[in-house]
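# Observations on chain architecture
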Amino acid sequence: MTCTPALSISDVTVVTDSHGRLYAIIPDDSARRLNAASREGIDPEARGAFFESVQHPADSWTAAAVRTIFEAVLAACPEQGQDLSSGLALYRTHDGGNFRGFIVGESAWDPAARWWHEYGQHNDLISRGAMIAARGCGSRAGTCTFGD
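### Comments concerning the overall build of the chain
Across its full length, the chain carries 3 helices and 7 strands. Tracing the chain from N to C terminus, the helices and strands come up as β-β-α-α-α-β-β-β-β-β. Per-residue burial over the chain gives 43% buried out of 148 residues. In the chain, of all internal contacts separated by at least 6 residues, the share reaching a separation of at least 24 is 61%. When the accessible area of the chain is evaluated, it comes to approximately 7,900 Å², of which 52% is carbon and sulfur surface.

### Considerations on the side chain of N35
Within the element layout of this structure, N35 appears in helix 1 (residues 28-39). Given the relative accessible area of 7%, N35 is considered buried. Once you skip the residues sitting within four places of it in the chain, N35 turns out to touch N123, D124, I126 and S127.

### Some details on the nonpolar core
Within the largest apolar cluster, 36 residues are counted, with the highest numbers of intra-cluster contacts made by V12, I26, L34, V66, I69, F99 and V104. Element by element, the count of residues in this core is highest for helix 2 (residues 61-76), at 9 residues. Apart from residues lying up to four places away in sequence, L34 is in contact with I26, W61, T62, A65, V66, I69, I103, S127 and F146.

### Details of the pairing of strand 2 (residues 22-26)
Two faces belong to every sheet, and in a regular strand the side chains alternate between them. Most of strand 2 sits inside the fold, with 5 of its 5 residues counted as buried. When strand 1 (residues 13-16) meets strand 2, the two strands line up antiparallel, connected through 4 bridges. Among the inter-strand pairings, T13 is bridged to a residue of strand 2, identified as I25. Remark: 5 residues form the turn of the hairpin made by strand 1 and strand 2, two consecutive strands paired antiparallel; G20 in that turn has positive phi of roughly 85°. The pairing of strand 2 with strand 3 (residues 97-105) spans 4 bridges and is classified as parallel. Its bridge partner lying in strand 3, I26 is registered against G105.

### Focus on the packing of helix 1 against helix 2
Contact pair helix 1 / helix 2: the axes reach a minimum separation of 11 Å and the direction vectors enclose 115°. In this structure, helix 1 crosses over helix 2, and the sense of that crossing is left-handed. Contacts between helix 1 and helix 2 involve S30, R33, L34 and A37 from the former and W61, T62, A65, V66 and I69 from the latter.

Procedures and definitions
- Residues numbered from 1 in each chain as written.
- Predicted model: local features only at pLDDT ≥ 70, side-chain atom pairs only at ≥ 80, totals over all residues.
- Heavy atoms only, no water.
- Helix = DSSP H or I, 4+ residues; strand = E, 2+ residues; numbered from the N terminus.
- Buried < 20%, exposed > 50% of the residue type's maximum accessible area, 1.4 Å probe, protein only.
- Contact = heavy atoms within 4.5 Å.
- Areas by Shrake-Rupley, 256 points an atom, 1.4 Å probe, with all protein chains shown as cover.
- Core = buried A, V, L, I, M, F, W, Y, C linked by side-chain atoms within 4.5 Å.
- Pairing = 2+ DSSP bridges.
- Axes fitted to C-alpha atoms, helices over the stretch in contact; angles between N-to-C directions.
- Left-handed = near helix turned anticlockwise from the far one by under 90°.

Here it is in structure tokens:
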């Protein structure tokens with residue numbers, strides 16, 4: 001995999017679809033890398049309700065990118081940091097939380113339709129949700145996982 005530069009808040013566009021669901025739109029290279037990270041440790045043949053990726057270290061590019069997305073979402077939608085059901089409410093005080101939205105590469109997103117282009121054709125550019133483990137989780141604090 002090629003070296004993907006660090007993601008910055010200015011690289012992240014936070015939008016909602018017509019149903020009010022949050023999306024973080026990021027450059028395609030970063031989206032592909034996060035998508036690959038979100039699938040690490042998940043058996044592609046597994047069937048069931050919930051799967052979690054491997055834990056990505058707190059100092060990894062993946063965890064840093066997810067924290068940047070958290071910061072962008074909180075800057076664009078400050079209410080996400082206030083609502084305890086939002087998943088990001090504890091991020092400011094405990095450095096951890098959940099983003100329950102979608103992370104989508106720029107070329108897969110149609111801003112006019114507020115939906116992705118050619119649904120199902122850009123699976124390598126879409127990740128669902130991400131989590132950073134909060135302080136108090138021992139050695140796991142700051143690690144990043146993805147759920148599917």
